Structures are given as C-alpha cells and as structure tokens.
Amino acid sequence: LGGLLFSFGFTTPFAIGFFAEVGPEINPFLAAPLAGLGAYLADLMILQIVRNSFFEDEILHFRTTRIFRFFYNLLHHRTLTDKIRAYILWSFAGIIIASPLPDEIGVSLIGGVTDIEERKFSIISFICNTAGIFIILSFAKAAG
C-alpha cells in the first residue's frame with residue numbers, strides 16, 4: 001500500500017509517513033522490494049495513461065515552451081550522441097522516480113518523450129522505486 005501511495009504526487013507524503021512509522025519495526029531489505037513492486041504498478045498505470053493519448057495535446061504544448069526548447073538544444077548539442085542523450089534522460093527520470101518527487105514527471109519524461117519498451121520501463125521503475133523506498137526505510141530504522 002505504501003508503494004502505491006509513493007508514486008503519486010498528492011499521496012507521496014502519506015507514503016513517507018507510513019514508511020517512517022513502520023520503518024523501525026521492519027527489515028528494509030524485505031519491505032523495500034515489496035513496496036517497490038506497488039510503486040512500479042502505480043508507475044505502469046501512469047505510463048499507460050500518458051501513452052494512451054490522454055495527454056498528447058499537453059505534451060505537444062509542452063514541447064513548444066521556452067524551457068523545453070532550452071533543454072532540447074542543450075541535449076541536442078552536436079557533441080552528444082543519441083545514446084548519451086538517452087542515458088541522460090533515463091538518469092534524470094530515474095532520479096525523479098526514486099525521489100519523493102511526483103513520479104508523474106519522471107514517467108511522463110520516459111513515456112512521453114521516448115519510445116521505451118515496457119519491459120525496460122518496468123526494470124527502471126522497479127529498481128528506482130525500490131532504491132528510493134529502501135533509503136527512506138533505512139533512515140526510519142536508524143532514527144527509530
């Protein structure tokens with residue numbers, strides 16, 4: 001349940017509170033993968049919403065903004081290859097997914113800007129969410 005709550009921007013504080021409350025009593029090595037699975041399922045739902053054109057107009061509008069064009073020009077500098085660009089984007093999105101920031105941002109970056117396979121997305125989402133939850137549970141265990 002905490003993992004499902006961890007992925008959505010509005011419910012992330014409740015998930016962190018849940019993890020802080022149960023953290024001293026549970027093993028983070030067992031709880032983090034289970035919560036990571038829940039967060040992955042929530043991210044998968046977000047990815048399906050983003051990919052099923054509900055936000056296609058918003059993504060197209062976002063691509064015309066000044067900040068998007070700045071980062072687009074920065075990433076599409078002639079010295080960067082496509083592979084390096086993809087790694088930068090996936091790393092940035094992975095940090096957002098692992099952090100308590102809303103996963104909608106990271107998932108939209110991956111799903112709306114790239115054509116990533118669902119299998120690769122699943123691996124990235126599960127690992128990043130599990131790592132972020134593990135860090136929170138470890139801090140809660142150390143503080144408790």
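Residues numbered from 1 in each chain as written. Predicted model: local features only at pLDDT ≥ 70, side-chain atom pairs only at ≥ 80, totals over all residues. Heavy atoms only, no water.

Right, let's get into the nonpolar core. By size, the foremost hydrophobic cluster in this structure holds 16 residues, and its most contacted members are Val 107, Ile 110 and Phe 121. Among the secondary structure elements, those contributing two or more residues to this core are helix H3 (28-51), helix H6 (82-98), helix H7 (103-113) and helix H8 (118-143). Looking at which element gives the most residues to this core, the answer is H3, with five residues. If we skip the residues at most four places from it in the chain, Phe 121 touches Asp 43, Leu 44, Leu 47, Val 107, Ile 110 and Ile 116. Formed by 10 residues, the second largest nonpolar core is a distinct cluster that contains Phe 19, Ala 31, Ile 136 and Leu 137. (Core = buried A, V, L, I, M, F, W, Y, C linked by side-chain atoms within 4.5 Å. Buried < 20%, exposed > 50% of the residue type's maximum accessible area, 1.4 Å probe, protein only. Helix = DSSP H or I, 4+ residues; strand = E, 2+ residues; numbered from the N terminus. Contact = heavy atoms within 4.5 Å.)

This brings us to the packing of H6 against H8. At their nearest, the axes of H6 and H8 sit 8 Å apart, and the two run at 45 degrees to each other. On the basis of their axis angle, the class for H6 and H8 is oblique. The two elements H6 and H8 meet at a crossing, and its hand is right-handed. Note on element contacts: H8 touches H6 through Ile 124, Ser 125, Cys 128, Asn 129 and Gly 132, opposite Trp 90, Gly 94, Ile 97 and Ala 98. Per-class residue counts for the contact of H6 with H8 are five nonpolar, four polar and no charged. (Axes fitted to C-alpha atoms, helices over the stretch in contact; angles between N-to-C directions. Parallel < 35°, antiparallel > 145°, perpendicular 65-115°, else oblique. Left-handed = near helix turned anticlockwise from the far one by under 90°. Nonpolar A, V, L, I, M, F, W, Y, C, P; charged D, E, K, R; others polar.)

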